[in-house]
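What follows is each chain in one-letter form.
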Amino acid sequence: MPWIRIEDNEPNHPKFFRAGLAAFGFDHALRAYCNRYLTDGFVPARDLQMVFPSSPPEEVDHAIESLIRENRLHRAKPG
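Residues numbered from 1 in each chain as written. Predicted model: local features only at pLDDT ≥ 70, side-chain atom pairs only at ≥ 80, totals over all residues. Heavy atoms only, no water.

**What about the packing of aromatic side chains?**
- All chains considered together, the criterion is met by 2 aromatic pairs.
- Seen from their ring centres, Phe 16 and Phe 24 are 5.0 Å apart, and the 85° between their planes marks the pair as edge-to-face. Assigned by exposure class, Phe 16 and Phe 24 land together as buried.
- Aromatic pair Tyr 33 and Tyr 37: ring centres 4.9 Å apart, planes at 55°, arrangement tilted. One end of the pair, Tyr 33, and the other, Tyr 37, are both in helix α2 (residues 21-37), 4 residues apart, so they sit about a helical turn from each other.
- Given a relative accessible area of 47%, Tyr 37 falls into the partly exposed group. (Phe/Tyr/Trp six-rings, centres within 6.5 Å; stacked < 30°, edge-to-face > 60°. Buried < 20%, exposed > 50% of the residue type's maximum accessible area, 1.4 Å probe, protein only. Helix = DSSP H or I, 4+ residues; strand = E, 2+ residues; numbered from the N terminus.)

**Points about unusual backbone geometry**
- Positive phi, close to 50°, is recorded for Leu 38, a residue that is not glycine.
- Along the chain, Leu 38 falls in the loop between α2 and α3 (48-51).
- Owing to a relative accessible area of 73%, Leu 38 belongs among the exposed residues under this scheme.
- Positive phi, normally seen in glycine, also occurs at Asp 40, with a value near 60°.
- Mapped onto the elements of the fold, Asp 40 is located in the loop between α2 and α3.

And the structure:
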């Protein structure tokens, strides 16, 4: 089974500090999704709710917006 790794000091990074705990957790769920499906860091918009299925859509949206604001996540350009 593949593993994802994080640095033990990662929660102290300013991007995660500003994004918040929920965004930090969602970031790790995104990494697990990418690792599991070998997507090379890409998650289709239609699959975002599958990243952490038990999260309400509004919480997923808030985490995504927080990660985008902190340049931890980027929207793919169409095409």
